[in-house]
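# Commentary on secondary and tertiary structure
Here are the chains, one letter per residue:
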Amino acid sequence: MTGERCRVAVLASGTGSNFKAIAEACRDASFPATVVCLITDNPEAGALGHASALGVPAHTVVPPTKKAGLPAETEQRIADICRRYEADLVVLAGFMRILKGPLLDEFAGRIMNIHPSLLPSFKGLNAVQQALDYGVKVTGCTVHFVDHSIDGGAIILQSTVPIGDDDEPDDVLERVHGVEHKTYVRAVRLFAEGRLRVENRRVLIAREY
Ligand code: GRF
């Protein structure tokens, strides 16, 4: 990718605030990546509105099941779209489906996800509520590479937020979202600059010269 901008395909199912943050960062010509497409499994996704406003081509691929696990044919269709756009990196931004097949295999080591907790704590759904119920004083977000595990891939970046005694779930969620956007943009930049190297479970970040 030296000299060229990293081509990013984003997969999102919902509001799309992380998609928007990344796509907006990519509008800056000095940013080393460009968002080439949005793919969603949800025709009602807020992300579609952001894509239209930002001029990003969008594709809706509705799986024949509501289950989180994607049928292989659907995952193959998504992989085909990513390939058609010559994506270098696939970014999951609130994509509520589990990848297991063709996309994961074809883009191994080139798929990132963001999770609203400090992994490995509070994997799965409702991570902020899990953190509150457990009583932790600090939570945050994690950007990680995606592998065959659930929320278990090598960790690229983490950011923390405090939890106060009077906080409601929505307060913490808003705080986590605030750090997610910056953290995800930074992770995409590091990948695009070729500065991430995985050694066993550790993602090493090369210094900027
Ligand atoms: C984020 O909290 C992210 O951590 C989780 O899904 C949420 C997506 O939010 N994986 P948005 O659609 O980007 O606003």
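Here we summarise the structure given alongside this text. None of these values were measured; they are calculated from a predicted model. As a convention, each chain's residues are numbered from 1 in the sequence order in which they are written. Given that this is a predicted model, residues contribute local features only at a pLDDT of at least 70 and side-chain atom pairs are listed and counted only at 80 or more, while totals for whole chains, interfaces and linings are drawn from all residues. Side-chain numbers here rest on the full set of heavy atoms in the structure, without hydrogens or water.

### Concerning the site of the ligand
Heads up, the condition is: Near is defined per residue: the residue qualifies when any heavy atom it owns lies within 4 Å of the molecule or strand. The definition of a polar contact used here is a pair of N or O atoms within 3.5 Å, where within protein one atom must be able to donate a hydrogen and the other to accept one, and adjacent residues in sequence count solely through side-chain atom pairs. Only the protein chains shown count as cover for residues, and all accessible areas are computed by the Shrake-Rupley method using a 1.4 Å probe. A cavity here means a set of points on a 1 Å grid, drawn over the protein atoms and nothing else, where a 1.4 Å probe fits but cannot get out; a pocket is an open set with protein on both sides within 12 Å along at least five of seven lines, and a residue lines either one if it has an atom within 4 Å of a point. More than half of a molecule's atoms lying within 2 Å of a cavity's or pocket's grid points is what places that molecule inside it. We count a stretch as a helix when DSSP gives it H or I for four or more residues in a row; a strand needs E for two or more, and each element gets its number in order from the N terminus.
Neighbouring the ligand are the residues T15, G16, S17, N18, G94, I114, H115, P116, H177 and E180. At a separation of 2.9 Å, a nitrogen atom of the ligand approaches a polar backbone atom of I114. P116 is positioned such that a nitrogen or oxygen atom in its backbone is 3.4 Å from an oxygen atom of the ligand. In the complex, 85% of the free accessible area of the ligand, which totals 370 Å², lies under the protein chains. Using a 2 Å cut-off from the grid points, one finds that the ligand occupies the largest pocket. Only α1 (17–26), β5 (111–115) and α6 (169–192) provide two or more residues apiece to the shell around the ligand.

### Focus on the side chain of T74
The following threshold applies: Three exposure classes are used, based on accessible area relative to the maximum for each residue type with a 1.4 Å probe and protein chains only: buried under 20%, partly exposed in between, and exposed over 50%. Note on definitions: a residue-residue contact is assigned when non-hydrogen atoms from the two residues lie within 4.5 Å.
Take T74: it is sitting in helix α3 (residues 72–84). On the basis of relative accessible area, T74 is assigned to the buried category, the value being 5%. With residues near it in sequence (within four places) discarded, T74 still touches V61, P63 and P64.

### Things to note about α6
What counts, and what does not: Under the convention used throughout, the expected extent of a helix is 1.5 Å for every residue step, that is, one less than its residue count.
Between its first and last C-alpha, α6 extends 34 Å over 24 residues, near the 34 Å set by a 1.5 Å rise per residue. For α6, the set of buried residues is V172, V176, E180, T183, Y184, V185, A187, V188, L190, F191 and A192. Remark: G194 follows α6 within two positions and exhibits a positive phi of approximately 70 degrees.

### Examining the pairing of strand β4 (residues 89–92)
Here is the rule we go by: By this definition, two strands are paired if DSSP reports at least two bridges between them.
Residues L89 and V91 of β4 are buried on one face, and the alternating residues V90 and L92, pointing to the opposite face, are buried as well. One ladder, built from four bridges, connects strand β1 (residues 6–11) with β4; its direction is parallel. Note that in β4 the partner of V10 across the bridge is V91. Here β4 runs beside β5; their pairing, made up of three bridges, is parallel. Each bridged residue has a counterpart across the sheet, and for V90 the counterpart in β5 is I111.

### Quick notes on the pattern of salt bridges
Two side chains of opposite charge can pair, provided their charged atoms sit close to one another. Condition: What counts as a salt bridge is simple: a side-chain nitrogen of Lys or Arg found within 4 Å of a carboxyl oxygen of Asp or Glu.
For the coordinates displayed, the defined rule picks out nine salt bridges. In this structure, E24 engages K20 in a salt bridge whose closest nitrogen and oxygen atoms are separated by 3.5 Å. With E24 and K20 both in helix α1 and four residues apart, the pair spans about one turn of that helix. Judged by relative accessible area, K20 falls into the partly exposed class, the value being 32%. Note that E199 is salt-bridged to R197, the shortest N-O span being 2.4 Å. Taking relative accessible area as the criterion, E199 reaches 38% and is therefore assigned partly exposed. Within this structure, D80, R83 and E106 form a network of salt bridges that share partners.

### So, a negative patch on the surface
Keep this limit in mind: For patch building, the residue pool is restricted to those with more than 30% relative accessible area and no salt bridge; the joining distance is 9 Å between like charges and 5 Å between nonpolar side chains (Val, Leu, Ile, Met, Phe, Trp, Tyr). As used throughout, the charge tally considers Lys and Arg to be positive and Asp and Glu to be negative, leaving His and the chain termini uncounted. A single reference atom marks each charge: NZ on Lys, CZ on Arg, CG on Asp, CD on Glu.
Taken together, the side chains of D166, E168, D170, D171 and E174 present a region of like negative charge at the surface. Residue position: D166 is located in the loop between β7 (155–162) and α6. Overall, the relative accessible area of 72% leaves D166 in the exposed class.

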